[in-house]
Amino acid sequence: MSAGTPGWRPSAPLLAVAHGSRDPRSAETVAAVLDRVRALRPGLDVRAAYLDHVAPGADEALGELASGGAGEAVVLPMLLTAAYHSKVDLPRALAAARGRSPWLRVHYADTLGPHPLLLDAVERRLAEAGADAGPGTALVLASAGSSDPEANATVGALAERLAERGPWREVVAAFASASRPSPGEAVAALLGRGARRVAVATYLLAPGFFADRIRSQSLSAGASVVSEALGDVPELARVVLDRYDAAVAARRAVVRA
(Lines give C-alpha, C1' and ligand atoms only; values in the text may rest on other atoms or scores of the structure.)
Protein backbone atom coordinates (compact mmCIF):
# COMPACT_ATOMS: atom_id res chain seq x y z
CA MET A 1 0.00 0.00 0.00
CA SER A 2 1.45 3.37 -0.97
CA ALA A 3 0.73 7.07 -0.54
CA GLY A 4 -2.49 8.00 -2.31
CA THR A 5 -4.02 4.56 -1.79
CA PRO A 6 -7.23 4.64 0.27
CA GLY A 7 -6.47 3.59 3.84
CA TRP A 8 -2.73 4.23 3.48
CA ARG A 9 -0.91 5.74 6.42
CA PRO A 10 2.80 6.19 7.07
CA SER A 11 4.58 3.44 8.97
CA ALA A 12 5.32 4.16 12.59
CA PRO A 13 8.97 5.18 12.96
CA LEU A 14 11.28 2.58 14.46
CA LEU A 15 13.46 3.72 17.36
CA ALA A 16 16.06 1.05 18.09
CA VAL A 17 17.56 1.53 21.55
CA ALA A 18 20.94 -0.11 22.11
CA HIS A 19 22.94 -0.35 25.31
CA GLY A 20 25.70 2.03 24.26
CA SER A 21 29.43 1.77 24.90
CA ARG A 22 32.54 3.93 25.12
CA ASP A 23 34.02 1.66 22.47
CA PRO A 24 33.23 3.25 19.08
CA ARG A 25 32.94 -0.18 17.45
CA SER A 26 29.64 -0.69 19.26
CA ALA A 27 27.81 2.31 17.78
CA GLU A 28 29.36 1.58 14.38
CA THR A 29 27.89 -1.92 14.51
CA VAL A 30 24.44 -0.65 15.51
CA ALA A 31 24.55 1.82 12.61
CA ALA A 32 25.47 -0.96 10.17
CA VAL A 33 22.65 -3.21 11.37
CA LEU A 34 20.13 -0.40 11.02
CA ASP A 35 21.43 0.45 7.54
CA ARG A 36 20.65 -3.15 6.61
CA VAL A 37 17.16 -2.75 8.11
CA ARG A 38 16.58 0.35 5.97
CA ALA A 39 17.67 -1.56 2.87
CA LEU A 40 15.19 -4.32 3.68
CA ARG A 41 12.34 -1.88 4.39
CA PRO A 42 12.78 1.22 2.16
CA GLY A 43 10.80 4.20 3.40
CA LEU A 44 10.72 3.12 7.03
CA ASP A 45 12.00 5.84 9.36
CA VAL A 46 14.67 3.99 11.36
CA ARG A 47 16.51 5.78 14.17
CA ALA A 48 19.00 4.77 16.85
CA ALA A 49 19.19 5.76 20.51
CA TYR A 50 21.24 4.52 23.44
CA LEU A 51 20.84 3.80 27.12
CA ASP A 52 24.32 4.98 28.07
CA HIS A 53 27.57 6.54 26.81
CA VAL A 54 26.28 7.54 23.33
CA ALA A 55 23.82 10.20 22.20
CA PRO A 56 20.96 10.47 21.65
CA GLY A 57 19.34 8.92 24.67
CA ALA A 58 15.91 7.35 24.37
CA ASP A 59 14.26 10.40 25.98
CA GLU A 60 15.88 12.79 23.52
CA ALA A 61 15.11 10.63 20.49
CA LEU A 62 11.44 10.27 21.44
CA GLY A 63 11.26 14.02 21.99
CA GLU A 64 12.62 14.59 18.50
CA LEU A 65 10.00 12.27 17.04
CA ALA A 66 7.19 14.03 18.94
CA SER A 67 8.37 17.51 17.99
CA GLY A 68 8.69 16.38 14.39
CA GLY A 69 5.01 15.50 14.25
CA ALA A 70 5.08 11.75 14.80
CA GLY A 71 1.89 10.38 16.31
CA GLU A 72 3.28 6.95 17.13
CA ALA A 73 6.55 5.08 17.27
CA VAL A 74 7.88 1.60 17.86
CA VAL A 75 10.61 1.39 20.49
CA LEU A 76 12.72 -1.73 20.12
CA PRO A 77 15.32 -2.70 22.74
CA MET A 78 18.38 -3.88 20.79
CA LEU A 79 19.26 -6.30 23.54
CA LEU A 80 19.76 -10.06 23.30
CA THR A 81 17.95 -10.85 26.55
CA ALA A 82 15.24 -9.20 28.61
CA ALA A 83 16.81 -7.93 31.83
CA TYR A 84 17.06 -4.73 33.88
CA HIS A 85 17.55 -2.38 30.94
CA SER A 86 14.49 -3.62 29.05
CA LYS A 87 12.36 -4.22 32.16
CA VAL A 88 13.15 -1.05 34.14
CA ASP A 89 15.46 1.52 32.49
CA LEU A 90 13.76 1.81 29.14
CA PRO A 91 10.15 1.69 30.41
CA ARG A 92 11.03 4.57 32.77
CA ALA A 93 12.36 6.57 29.83
CA LEU A 94 9.21 5.83 27.84
CA ALA A 95 6.97 6.85 30.73
CA ALA A 96 8.83 10.16 31.04
CA ALA A 97 8.55 10.76 27.30
CA ARG A 98 4.83 10.01 27.32
CA GLY A 99 4.38 12.48 30.17
CA ARG A 100 5.96 15.20 28.04
CA SER A 101 4.24 14.18 24.79
CA PRO A 102 0.99 12.39 25.70
CA TRP A 103 -0.16 12.30 22.06
CA LEU A 104 2.75 10.06 21.05
CA ARG A 105 1.61 6.43 21.01
CA VAL A 106 4.52 4.15 21.82
CA HIS A 107 4.50 0.49 20.86
CA TYR A 108 7.12 -1.32 22.91
CA ALA A 109 8.68 -4.23 21.01
CA ASP A 110 10.26 -7.32 22.48
CA THR A 111 14.02 -7.60 22.88
CA LEU A 112 15.90 -9.17 19.98
CA GLY A 113 16.41 -12.45 21.79
CA PRO A 114 15.52 -15.13 22.11
CA HIS A 115 14.75 -15.72 18.43
CA PRO A 116 15.53 -18.71 16.17
CA LEU A 117 17.30 -16.49 13.64
CA LEU A 118 19.84 -15.54 16.30
CA LEU A 119 20.88 -19.19 16.47
CA ASP A 120 21.44 -19.03 12.70
CA ALA A 121 23.58 -15.94 13.26
CA VAL A 122 25.62 -17.70 15.96
CA GLU A 123 26.25 -20.62 13.61
CA ARG A 124 27.20 -18.23 10.80
CA ARG A 125 29.84 -16.54 12.97
CA LEU A 126 31.18 -19.90 14.16
CA ALA A 127 31.52 -21.12 10.59
CA GLU A 128 33.31 -17.91 9.61
CA ALA A 129 35.75 -18.48 12.48
CA GLY A 130 36.44 -22.02 11.28
CA ALA A 131 34.57 -23.91 14.01
CA ASP A 132 33.06 -27.23 12.97
CA ALA A 133 30.56 -29.12 15.09
CA GLY A 134 31.67 -32.66 15.77
CA PRO A 135 31.84 -35.31 18.49
CA GLY A 136 35.27 -34.13 19.60
CA THR A 137 34.43 -30.43 19.78
CA ALA A 138 32.54 -28.75 22.61
CA LEU A 139 30.95 -25.32 22.39
CA VAL A 140 30.66 -22.43 24.84
CA LEU A 141 27.91 -19.86 24.24
CA ALA A 142 29.36 -16.79 25.95
CA SER A 143 27.18 -13.78 26.75
CA ALA A 144 27.71 -10.60 28.74
CA GLY A 145 25.89 -12.01 31.76
CA SER A 146 23.25 -10.39 33.95
CA SER A 147 22.14 -10.07 37.55
CA ASP A 148 18.71 -11.15 36.27
CA PRO A 149 18.51 -14.96 36.53
CA GLU A 150 15.83 -15.10 33.82
CA ALA A 151 18.20 -13.47 31.34
CA ASN A 152 20.94 -15.98 32.14
CA ALA A 153 18.44 -18.83 31.89
CA THR A 154 17.54 -17.60 28.41
CA VAL A 155 21.18 -17.96 27.36
CA GLY A 156 21.22 -21.43 28.91
CA ALA A 157 18.14 -22.39 26.89
CA LEU A 158 19.81 -21.14 23.71
CA ALA A 159 22.81 -23.33 24.48
CA GLU A 160 20.44 -26.30 24.68
CA ARG A 161 18.94 -25.39 21.28
CA LEU A 162 22.42 -25.21 19.75
CA ALA A 163 23.18 -28.67 21.16
CA GLU A 164 20.06 -29.97 19.42
CA ARG A 165 21.00 -28.36 16.09
CA GLY A 166 24.58 -29.56 15.72
CA PRO A 167 26.64 -32.63 16.62
CA TRP A 168 28.66 -30.84 19.28
CA ARG A 169 30.14 -32.99 22.05
CA GLU A 170 28.55 -30.63 24.58
CA VAL A 171 27.25 -27.06 24.66
CA VAL A 172 27.32 -24.88 27.77
CA ALA A 173 26.54 -21.26 28.54
CA ALA A 174 29.08 -18.87 30.07
CA PHE A 175 28.98 -15.27 31.23
CA ALA A 176 31.54 -12.48 31.01
CA SER A 177 30.14 -10.79 34.15
CA ALA A 178 27.57 -11.10 36.96
CA SER A 179 27.25 -14.89 36.80
CA ARG A 180 29.23 -18.12 36.47
CA PRO A 181 30.87 -19.89 34.84
CA SER A 182 33.09 -17.35 33.15
CA PRO A 183 34.17 -18.15 29.57
CA GLY A 184 37.59 -19.24 30.80
CA GLU A 185 36.07 -21.48 33.46
CA ALA A 186 33.71 -23.06 30.94
CA VAL A 187 36.50 -23.77 28.45
CA ALA A 188 38.72 -25.30 31.14
CA ALA A 189 35.89 -27.48 32.44
CA LEU A 190 35.06 -28.82 28.98
CA LEU A 191 38.69 -29.66 28.27
CA GLY A 192 38.85 -31.32 31.67
CA ARG A 193 35.84 -33.47 30.74
CA GLY A 194 37.63 -34.81 27.68
CA ALA A 195 36.76 -32.45 24.81
CA ARG A 196 39.58 -32.42 22.25
CA ARG A 197 38.68 -28.92 21.12
CA VAL A 198 36.51 -26.11 22.48
CA ALA A 199 34.93 -23.43 20.30
CA VAL A 200 33.47 -20.28 21.84
CA ALA A 201 30.53 -18.39 20.33
CA THR A 202 30.48 -14.72 21.29
CA TYR A 203 26.80 -14.07 21.93
CA LEU A 204 26.95 -10.28 21.91
CA LEU A 205 25.44 -7.69 19.62
CA ALA A 206 28.68 -5.81 18.98
CA PRO A 207 32.42 -5.84 19.66
CA GLY A 208 33.65 -4.01 22.73
CA PHE A 209 34.76 -4.59 26.32
CA PHE A 210 32.85 -7.84 26.92
CA ALA A 211 33.72 -9.31 23.53
CA ASP A 212 37.39 -8.62 24.22
CA ARG A 213 37.09 -10.22 27.66
CA ILE A 214 35.42 -13.32 26.24
CA ARG A 215 38.15 -13.73 23.61
CA SER A 216 41.02 -13.17 26.03
CA GLN A 217 39.71 -15.51 28.74
CA SER A 218 38.70 -18.22 26.29
CA LEU A 219 41.99 -18.34 24.41
CA SER A 220 43.98 -18.23 27.65
CA ALA A 221 42.03 -21.25 28.90
CA GLY A 222 42.75 -23.24 25.74
CA ALA A 223 39.87 -22.54 23.35
CA SER A 224 40.74 -23.41 19.76
CA VAL A 225 38.54 -20.72 18.21
CA VAL A 226 36.44 -17.75 19.32
CA SER A 227 33.84 -16.28 16.99
CA GLU A 228 33.20 -12.58 16.49
CA ALA A 229 30.18 -10.81 18.01
CA LEU A 230 27.01 -11.17 15.94
CA GLY A 231 27.28 -7.65 14.52
CA ASP A 232 26.09 -6.82 11.03
CA VAL A 233 24.67 -10.17 9.88
CA PRO A 234 21.53 -10.55 7.73
CA GLU A 235 19.72 -12.51 10.42
CA LEU A 236 19.94 -9.65 12.92
CA ALA A 237 18.28 -7.16 10.58
CA ARG A 238 15.47 -9.66 9.95
CA VAL A 239 14.96 -10.09 13.71
CA VAL A 240 14.68 -6.30 14.09
CA LEU A 241 11.92 -6.21 11.48
CA ASP A 242 10.17 -9.23 12.98
CA ARG A 243 10.04 -7.46 16.35
CA TYR A 244 8.92 -4.20 14.72
CA ASP A 245 6.12 -5.88 12.75
CA ALA A 246 4.89 -7.78 15.81
CA ALA A 247 4.74 -4.59 17.88
CA VAL A 248 2.84 -2.71 15.18
CA ALA A 249 0.41 -5.58 14.70
CA ALA A 250 -0.29 -5.84 18.40
CA ARG A 251 -0.72 -2.06 18.72
CA ARG A 252 0.42 -2.27 22.31
CA ALA A 253 2.08 0.52 24.23
CA VAL A 254 3.63 -1.23 27.22
CA VAL A 255 4.90 1.62 29.36
CA ARG A 256 5.27 0.57 32.98
CA ALA A 257 5.01 3.16 35.72
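Now for a look at the structure at hand. Because the structure is a prediction, the values reported are computed rather than measured.

1. Section: the packing of aromatic side chains
Part 1 of the reasoning: A full pass over the atoms with the stated rule returns one aromatic pair.
Part 2 of the reasoning: A centroid spacing of 5.3 Å and a plane angle of 70 degrees characterise the contact between phenylalanine 209 and phenylalanine 210, whose relative ring orientation is edge-to-face.
Part 3 of the reasoning: Residue phenylalanine 209 is classed as exposed on the basis of its relative accessible area of 53%.

2. Focus on the sheet that holds strand β3 (residues 72-77)
Part 1 of the reasoning: Here four strands make up an open sheet; going across it, the order is β2-β1-β3-β4 and the pairing parallel. Lying at the two open borders of the sheet, with one neighbouring strand each, are β2 (46-50) and β4 (105-108). The sheet shows a mean angle of 25 degrees between the axes of neighbouring strands, direction not considered.
Part 2 of the reasoning: Bridge count between β3 and β4: four bridges; the pairing is parallel. Bridge assignment links alanine 73 to a residue of β4, and that residue is valine 106.
Part 3 of the reasoning: In the packing of helix α1 (residues 24-40) onto the sheet, the strands contacted are β1 (14-18) and β2, and the crossing angle to β2 comes to about 160 degrees.

3. Quick look at α1
Part 1 of the reasoning: For α1, spanning 17 residues, the distance from its first C-alpha to its last is 25 Å, which sits close to the expected 24 Å at 1.5 Å a residue.
Part 2 of the reasoning: The set of residues buried in α1 consists of Ser26, Thr29, Val30, Val33, Leu34 and Val37. Taken end-on, α1 shows its buried residues confined to a sector of 130 degrees, consistent with a single buried face. In this structure, α1 carries Pro24, Glu28 and Ala39 as exposed residues pointing more than 90 degrees from its buried face.

4. Overview of the nonpolar core
Part 1 of the reasoning: If you look at the biggest cluster of nonpolar residues, it comprises 49 residues, and the most contacted ones within it are Leu14, Met78, Leu112 and Leu141.
Part 2 of the reasoning: For this core, the leading source of residues is helix α8 (residues 234-250), giving eight residues.
Part 3 of the reasoning: In this view, leucine 112 contacts Leu76, Pro77, Met78, Leu79, Leu80, Leu118, Leu205, Leu236, Val239, Val240 and Arg243; residues no more than four positions away in its chain are not counted.

5. Let's talk about the pattern of salt bridges
Side chains that carry opposite charge are capable of pairing whenever their charged atoms lie near each other.
Part 1 of the reasoning: Tallied over the full model, the rule gives 17 salt bridges.
Part 2 of the reasoning: A salt bridge links aspartate 35 to arginine 38; the nearest nitrogen and oxygen atoms lie 2.8 Å apart. Taken together, the residues aspartate 35 and arginine 38, both in helix α1 and three residues apart, mark about one turn of the helix.
Part 3 of the reasoning: Overall, arginine 38 belongs to the partly exposed group, its relative accessible area being 30%.
Part 4 of the reasoning: For glutamate 72, the salt bridge identified is with arginine 105, shortest N-O distance 3.7 Å. Remark: arginine 105 occurs in strand β4 and glutamate 72 occurs in strand β3; sequence separation between them is 33 residues.

6. Re the packing of helix α4 (residues 116-129) against α8
Part 1 of the reasoning: For the pair α4 and α8, the least separation of the axes is 8 Å and the interaxial angle reads 165 degrees. Looking at the two axes, α4 sits roughly antiparallel to α8. In this structure, the crossing between α4 and α8 has a hand that is left-handed. Counting all contacts with α4, which are made through Leu117, Leu118, Asp120, Ala121 and Arg124, the residues of α8 involved are Pro234, Glu235, Leu236, Arg238, Val239 and Asp242.

7. Here we look at the pairing of β2
Along a regular strand, successive side chains alternate from one face of the sheet to the other.
Part 1 of the reasoning: Bridge count between β1 and β2: five bridges; the pairing is parallel. When the sheet's bridge partners are listed, leucine 14 is paired in β2 with valine 46.
Part 2 of the reasoning: Traced from β1 through α1 to β2, the parallel crossover comes out right-handed.

Quick notes on the rules
- Residues numbered from 1 in each chain as written.
- Predicted model: local features only at pLDDT ≥ 70, side-chain atom pairs only at ≥ 80, totals over all residues.
- Heavy atoms only, no water.
- Phe/Tyr/Trp six-rings, centres within 6.5 Å; stacked < 30°, edge-to-face > 60°.
- Buried < 20%, exposed > 50% of the residue type's maximum accessible area, 1.4 Å probe, protein only.
- Pairing = 2+ DSSP bridges.
- Helix = DSSP H or I, 4+ residues; strand = E, 2+ residues; numbered from the N terminus.
- Axes fitted to C-alpha atoms, helices over the stretch in contact; angles between N-to-C directions.
- Contact = heavy atoms within 4.5 Å.
- Expected span 1.5 Å × (residues − 1).
- Arc of directions from axis to C-beta.
- Core = buried A, V, L, I, M, F, W, Y, C linked by side-chain atoms within 4.5 Å.
- Salt bridge = Lys/Arg side-chain N within 4 Å of Asp/Glu carboxyl O.
- Parallel < 35°, antiparallel > 145°, perpendicular 65-115°, else oblique.
- Left-handed = near helix turned anticlockwise from the far one by under 90°.
- Right-handed = clockwise from strand over helix to strand, strands pointing away.

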